[in-house]
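Structure at a glance
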Amino acid sequence: MQLERLLHGQGFGTRKACRALVRAGRVTVNGEPCDDPFADFDPAGLTFTVDGEPWPYREKAYLLLNKPAGYECSQRPIHHPSVFSLLPEPLLNRGVQTVGRLDEDTTGLLLLSDDGQFIHRLSSPRHKVPKVYQVTAKHPVDAGQIDALLNGVVLRDEPGPLAALACEAVSQQVIHLTLAEGKYHQVKRMLAAVGNRVEALKRVAVGGLALPEDLPEGGWRWLGERELELLASRK
């Protein structure tokens, strides 16, 4: 693949802008400077730098972001900054989208991609991908409330009861709640339905993929092959 096409596909601007980047000596490929925008490279396993910043070639972008509170999952936020402001410009130019949404006050594991099939498979209720939330409640969560969450609660405007796939007590006021639907404010509404209230909410897993403990809030990274396999699981 010609270098200018490769850079363009990876989000570094128009073909003309990418040619200018290369001719200005701002690009290296596999550690070697290259000033020929029409030089051909095999993209498989290729690493390039732009202005000294290393980038691995990715045919599709699969990203994990540890969402902080106070960010909206929207390209056009209204009240708070967008989660897209936490990503570098080349990824925005590639058109990455969030896989589902988290409320502005919800933190934790957020996936993004430019692969439409991947986004649909993980976000569509039809595929029932489990998502685990760490819920900090206002009041202690007793056994009766846990049983009610597991057996199903009735929410306004829903055709039938909604039940958690799993509900595990972590402490008196913290539970891990596993859901498959992802309906509007579902965790908050379910806790309210059993007579409690959500004080803090963090998504800690999607499919078989857990939020990495070493990824700081606001940080992002590429997903590896093993992590993509975990997302395909139904744990």
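Note: the structure precedes this text.
The structure contained in this document is the topic of the report that follows. (Residues numbered from 1 in each chain as written. Predicted model: local features only at pLDDT ≥ 70, side-chain atom pairs only at ≥ 80, totals over all residues. Heavy atoms only, no water.)

1. Notes on the side chain of threonine 178
For threonine 178, the location among the structural elements is in strand β10 (residues 174-179). What makes threonine 178 buried here is its relative accessible area of 12%. The contacts of threonine 178, once residues within four sequence positions are left out, are Pro130, Lys131, Val132, Ala164, Leu165 and Ala166. (Helix = DSSP H or I, 4+ residues; strand = E, 2+ residues; numbered from the N terminus. Buried < 20%, exposed > 50% of the residue type's maximum accessible area, 1.4 Å probe, protein only. Contact = heavy atoms within 4.5 Å.)

2. Describing the sheet that holds strand β2 (residues 32-33)
Strands sit in the order β2-β1-β3-β4 across an open sheet of four strands; the sheet is antiparallel. Unpaired on one side and paired on the other, β2 and β4 (53-56) mark the two borders of the sheet. Summarising the sheet, strand β1 (residues 27-29) and strand β3 (residues 47-50) pair through three bridges and their orientation is antiparallel. If you follow valine 27 over to β3, its bridge partner there is valine 50. (Pairing = 2+ DSSP bridges.)

3. Topic: helix α4 (residues 116-123)
Within the span of α4, buried status applies to Phe118, Ile119 and Leu122. Viewed end-on, α4 has its buried residues packed into an arc of 100°, placing them on one side of the element. Taken together, the buried residues of α4 touch β5 (62-67), β6 (97-98), β7 (107-113), β8 (131-137) and α7 (225-232). With a side-chain oxygen lying 3.1 Å from the backbone nitrogen of glutamine 117, the N-terminal cap of α4 falls on aspartate 115. (Arc of directions from axis to C-beta. Polar contact = N/O pair within 3.5 Å; in protein donor to acceptor, adjacent residues only side chain to side chain.)

4. A word on the nonpolar core
Among the nonpolar cores identified, the biggest contains 49 residues, and Leu7, Phe48, Val135, Leu177, Val187 and Leu191 are the most heavily contacted of them. Among residues more than four places away in sequence, those in contact with leucine 191 are Val135, Ala137, Leu149, Ile175, Leu177, Asn196, Arg197 and Val198. With 17 residues, the next largest nonpolar core counts Leu111, Val206, Leu215 and Leu231 among its residues. (Core = buried A, V, L, I, M, F, W, Y, C linked by side-chain atoms within 4.5 Å.)

5. Some details on α7
Looking at α7, one finds that the buried residues are Glu227, Leu228, Leu230 and Leu231. The arc enclosing the buried residues of α7, seen along the axis, measures out at 155°, which places them on a common side. Among the exposed residues of α7, those pointing more than 90 degrees away from its buried face are Glu225 and Arg226. Buried residues in α7 make contact with β5, β7, α4, β11 (198-206), β12 (209-210) and β13 (220-222).

6. Things to note about the layout of surface pockets
Where empty space is left in the structure can be found by rolling a water-sized probe over the atoms. What the largest pocket holds in volume is close to 620 Å³. If you trace the largest pocket, you find 28 residues lining it, with Arg101, Leu102, Asp103, Lys183 and His185 closest to the centre. Looking at the lining of the largest pocket, the elements with two or more residues in it are β8, α6 (186-193) and β11. It is α6 that provides the largest number of residues to the lining of the largest pocket, a total of three residues. (1 Å grid on protein atoms, 1.4 Å probe; cavity = no way out; pocket = protein on both sides within 12 Å on 5 of 7 lines; lining within 4 Å. Points joined across faces, edges and corners; volume = space filled by probe spheres on them.)

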